[in-house]
Amino acid sequence: MALARFGRQVKRQHGVCVKMTAVAILGLCFIFVWSMFSSPNSVTVQRESFDDIAEPVASSTMVSKSKGKDIEKHDANDNKKKVESSLKKKDEKKVNGSLSLPAHEHKSGKKNEKHVSKRKKDKDKSKLSNEVSKENQENQEQEESQGEEAEKENEDEEEVVVDDKEEGLDGESEEKGEMEGDADVDESVDQETQEMAENENEGKKRKIKGPVFDPKAHYSWKQCSTRSKHNYIPCIDVESGFTRLHGYRHRERTCPKAPPMCLVPLPHDGYDSPVHWPESKLKVLYKNVAHPKLAAYMKNHNWLIKSGEYLMFPQNQSEFKGGVVHYLESIEEMVPDIEWGKNIRVVLDVGCSDSSFVASLLDKDVLTLSLGLKDDLVDLAQVSLERGFATFVSPFARRRLPFPSGVFDAIHCGRCTIPWHAHEGKLLLEINRILRPGGYFILSTKHDSIEEENAMNTLTSSICWNILAHKTDDVSEVGVKIYQKPESNDIYVLRRRRNPPLCKENENPDASWYVPMKTCLHTVPSAIEQHGTEWPEEWPKRLETYPDWLNNKEKAIDDTKHWKDIVDKSYLTGLGIDWSTIRNVMDMKAIYGGFAAALLQQKIWVMNVVPVHAPDTLPFIFERGLVGIYHDWCEPFGTYPRSYDLLHADHFFSRLKNRCKHPVSIVVEMDRILRPGGWVVLRDKVEILDPLEGILRSLRWEIRMTYSQNKEGIICAQKTIWRP
């Protein structure tokens, strides 16, 4: 009966709607019946657990070929995550710090820390491949080193990644009677990680590394055609459409993709040998440092005067009225504990304006390193270098300065215009990082606004700096404030507002190469194995003092004796160098500062460069009362052309181990920073020195002396004024 009534309804006027309803009901019934009786293999199987994600299913248990590929891909990705996690934990333990670590690795961060980890992940596969083939590499090195002295140790190498470049974490070899540095570098990975690497890299060919320099290569050189021309500083003078509109120099160090392979031309008016020390304290050749902004600067500053062909620096004139001697004496009167040349030996001068401050401190046996800010309108850093003062050029905006923590006895900013309180006080927190516990920050300003002074007081109070003295000198009309950094962590606990916060325990205060500035406060070292726990001995006793936190004291002592013997018996008399013409010296691979210490009696200063891939010995170099800097030699150095009189490189190129894609660019950089008439002293393996000699000759350098024995040799060469 129901079906009959339904049929009659269909024939009525609204039968269409009823038909559609009936079709829908029948369709739903069909779907229900089909789902009940259909095979379970034709629908998606629901997961009962996620154990197979944590522990991927082996390929032997795969049901179908298509599913096997998916699971195999997931398995590889999961293993890769485990490897990366293991390496990340390992890297946190290896970042450069105190000398308790055998080697240091600077965190790279050209963009930010996230970008760093991304670049490391991109290279982890290559890194693990080298670990797997470690034994084969060692065997190859042993075969190549046959016939060398029996006392020499084989070098182990592990590739790491800094700034998208392969870096060799080299152990420093040790020769009989000749210290090369800390030789033992423990870079082994966990057994589980190594097994993963073996499975992942099975069947892949090992990369065969060739020599540092191609002995068959021929070189032709051209001059650089950059906007800054004869004052070109790569990585700082960066030409682009943006910089032409908004200023020539970048706010941060930005290196070109390919290192410069051109030669910086000489000044337009020619170049003459610089005025020798100590006469250069009073005058330099104007054409060696001339540029339009300097001429405009001299019109309003009487502490430098052009007289004929010279740029003169009158002793009775200074940025400080009453003279710089009066200025220094007033600082000692304000804080008697500041004893220039005794308690205070190593000073950083921020800004590098009036270099008479540096000259006067030098008379008091204080070694001052001047920071030439890259955005300085006048570029007085070049004038400071020409006068013979320790100077380097670097941006000072968002990244750390290339120094370890707690190494400067005092930091000075004269007639300062830097907004220390801006950007959450990042710049002042960076000063706090590199200032020694108990060290002094000397700030002099011409005119302080009330707002800036209040902001500065708030910031210095938040980091627990103590204002020791505040005085406006009647003669110089300059307001001077002297702050002191805390010597212990007790005062940090008493802060009401813990802003800025204390840095995390795993935050390495010594990591500085391409590391962004932090808005946190590093604690004062308290453990006996950390540097900075005690104030150094008075100068000059600190030069020969070896603190308790220094590992391998015997090596440091031997290094000092070793270089004193070489300098006295060979360098000063046997190389043909007129040392009266040498003032600015760079040790391109410093270890314990023994080479710099041996040259102190020659009235010169040495920039001790500790490569970022080498053992971290820079804190000890500062502890001795010397100065130095971190640097990656795959990039140009932060200084003007024609800055140094002598470059010293002891087994420098043999430690590169193909880290740099273009090792020849380092020789080009040496040509840039060396003055015409300057010298290089290269000690290395003969297999490296032979092709290197050909490169120097292609630059028209004069080879003054070569010597070799037992596959080791030395080259002494002089850069000529002629350009290729």
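Our structure's up above, just so we're on the same page.
Residues numbered from 1 in each chain as written. Predicted model: local features only at pLDDT ≥ 70, side-chain atom pairs only at ≥ 80, totals over all residues. Heavy atoms only, no water.

Engineer: Which residues make up the overall build of the protein, and what are the values?
Structural biologist: Within the protein, the secondary structure is distributed over 21 helices and 19 strands. Taking all 724 residues of the protein together, 54% fall into the buried category. The long-range share in the protein, meaning contacts at least 24 apart out of those at least 6 apart in sequence, stands at 70%. Put simply, the protein shows about 35,400 Å² of open surface, and 51% of that area lies on carbon and sulfur atoms. (Helix = DSSP H or I, 4+ residues; strand = E, 2+ residues; numbered from the N terminus. Buried < 20%, exposed > 50% of the residue type's maximum accessible area, 1.4 Å probe, protein only. Contact = heavy atoms within 4.5 Å. Areas by Shrake-Rupley, 256 points an atom, 1.4 Å probe, with all protein chains shown as cover.)

Engineer: A description of the pattern of salt bridges should follow, citing residues and the corresponding values.
Structural biologist: Inspection of every chain in the model, using the stated rule, returns 21 salt bridges. Ionic pairing is found between Asp272 and Lys287, a salt bridge with its closest N-O pair at 3.0 Å. Of this pair, Asp272 sits in the loop between α8 (241-246) and β3 (283-285) while Lys287 sits in helix α9 (residues 286-289), and the two are 15 residues apart along the sequence. For Lys287, a relative accessible area of 25% puts it in the partly exposed group. The residue Arg400 makes a salt bridge to Glu507 at a minimum N-O spacing of 3.5 Å. Taken together, the residues span a long stretch of sequence, with Arg400 in the loop between β8 (391-394) and β9 (408-413) and Glu507 in the loop between α16 (490-493) and α17 (553-574) at a distance of 107 residues. Look at Arg400 and you get buried, because its relative accessible area is 5%. Assessed through its relative accessible area of 17%, Glu507 is described here as buried. Connected via shared salt-bridge partners are Asp409, Arg436, Arg542 and Glu623. (Salt bridge = Lys/Arg side-chain N within 4 Å of Asp/Glu carboxyl O.)

Engineer: I'd like to hear about the nonpolar core, residue by residue, with values.
Structural biologist: In this structure, Phe408, Trp420, Phe441, Tyr571, Phe653 and Leu682 are the most contacted members of the largest nonpolar core, which totals 113 residues. Counting residues per element, this core draws most heavily on helix α20 (residues 664-673), which supplies six residues. Residue contacts for Phe653: discarding those within four places in its chain leaves Val212, Phe213, Ile666, Val667, Met670, Leu682, Asp684, Ile688 and Leu692. Among the nonpolar cores identified, the runner-up in size contains 25 residues, and Ile331, Met334, Val335 and Phe357 belong to it. (Core = buried A, V, L, I, M, F, W, Y, C linked by side-chain atoms within 4.5 Å.)

Engineer: Describe a negative patch on the surface, listing the residues and the values that go with them.
Structural biologist: Where like charges cluster on the molecular surface, the negative patch consists of Asp337, Glu339, Glu534, Glu537 and Glu538. Tracing the sequence through the fold places Glu538 in the loop between α16 and α17. (Patch = residues over 30% accessible without salt bridge, like charges linked within 9 Å, V, L, I, M, F, W, Y side chains within 5 Å. Lys, Arg positive; Asp, Glu negative; His and termini not counted. Charge placed at Lys NZ, Arg CZ, Asp CG, Glu CD.)

Engineer: Would you mind going over the packing of helix α11 (residues 324-334) against helix α12 (residues 356-363) in detail, with residue names and values included?
Structural biologist: In the contact formed by α11 and α12, the axes pass within 9 Å of each other and the chain directions differ by 65 degrees. For the pair α11 and α12, the crossing hand works out as right-handed. Residues Val324, Val325, Tyr327 and Leu328 of α11 touch α12, and the partners they reach there are Ser356, Phe357, Ser360 and Leu361. Considered class by class, the residues forming the contact of α11 with α12 number six nonpolar, two polar and no charged. (Axes fitted to C-alpha atoms, helices over the stretch in contact; angles between N-to-C directions. Left-handed = near helix turned anticlockwise from the far one by under 90°. Nonpolar A, V, L, I, M, F, W, Y, C, P; charged D, E, K, R; others polar.)

Engineer: Lay out the pairing of strand β19 (residues 712-718) in plain terms, naming residues and giving numbers.
Structural biologist: Judged by how many residues are buried, β19 sits mostly within the fold: seven of seven residues are covered. In the sheet, strand β17 (residues 674-685) pairs with β19 via seven bridges, with the strands oriented antiparallel. When the bridges of β19 are listed, Lys685 appears paired with Glu712. Here strand β18 (residues 702-709) pairs with β19 via seven bridges, running antiparallel. Paired with Gln709 across the two strands is Glu712, which belongs to β19. Two successive antiparallel strands, β18 and β19, enclose a turn made up of two residues, where Asn710 displays a positive phi of approximately 55 degrees. (Pairing = 2+ DSSP bridges.)

Engineer: Give me the sheet that holds strand β7 (residues 367-373): which residues, what numbers.
Structural biologist: Across the sheet, which stays open at both edges, the seven strands sit in the order β8-β7-β6-β9-β10-β12-β11 with mixed pairing between neighbours. The two strands at the open ends of the sheet, each matched to only one other strand, are β8 and β11 (466-472). Geometrically, the sheet is characterised by an average inter-axis angle of 20 degrees between neighbouring strands, direction not taken into account. Sheet topology note: the strand β6 (residues 346-350)/β7 ladder contains five bridges and is parallel. Paired with Val350 across the bridge in β7 is Leu371. Contacts from α12 reach β6, β7 and β9 within the one sheet, and its direction differs from that of β7 by about 170 degrees. Strands β6, β9 and β10 (435-445) of the sheet are contacted by helix α14 (residues 426-434), whose axis makes an angle of about 135 degrees with β10.

Engineer: Quick one: what's the story with the pairing of strand β13 (residues 584-587), residue by residue and with numbers?
Structural biologist: Side-chain alternation along β13 places Asn584 and Met586 on one buried face and Val585 and Asp587 on a second face that is also buried. In this structure, β13 lies alongside strand β14 (residues 605-611), joined through four bridges in parallel fashion. Opposite Asn584, over in β14, you have Trp605 as the bridge partner. The sheet contact formed by β13 and strand β16 (residues 644-650) spans three bridges and is parallel. When the bridges of β16 are listed, Asp587 appears paired with His648.

Engineer: Explain α17 to me, and be specific about the residues and the numbers.
Structural biologist: An ideal rise of 1.5 Å per residue puts 32 Å on 22 residues; α17 measures up with 30 Å between its terminal C-alpha atoms. The largest bend in α17 is about 45 degrees, located at Val567. The elements touched by buried residues of α17 are α18 (594-598), α19 (618-623), β16, β17 and β19. (Expected span 1.5 Å × (residues − 1). Bend = angle between axes of the 7 residues up to and from the residue.)

Engineer: Hey, could you go over the sheet that holds strand β4 (residues 305-307) for me, with residue numbers and the actual values?
Structural biologist: Read from one edge to the other, the open sheet built from three strands follows the order β3-β5-β4, with strand pairing classed as antiparallel. Unpaired on one side and paired on the other, β3 and β4 mark the two borders of the sheet. Ignoring which end each strand starts from, the neighbouring axes of this sheet average 30 degrees apart.

Engineer: Pulling in residues and values, what's your account of the state of the cysteines?
Structural biologist: With the rule as written, the count across this model stands at five disulfides. With a sulfur-sulfur separation of 2.0 Å, Cys224 is cross-linked through a disulfide to Cys262. Here Cys224 and Cys262 share a disulfide; its torsion about the S-S bond, 100 degrees, makes the bridge right-handed. With Cys224 in the loop between α7 (191-200) and α8 and Cys262 in the loop between α8 and β3, this residue pair connects regions lying 38 residues apart in the sequence. Classification of Cys224 by relative accessible area gives buried; the value is 7%. (Disulfide = S-S within 2.5 Å.)

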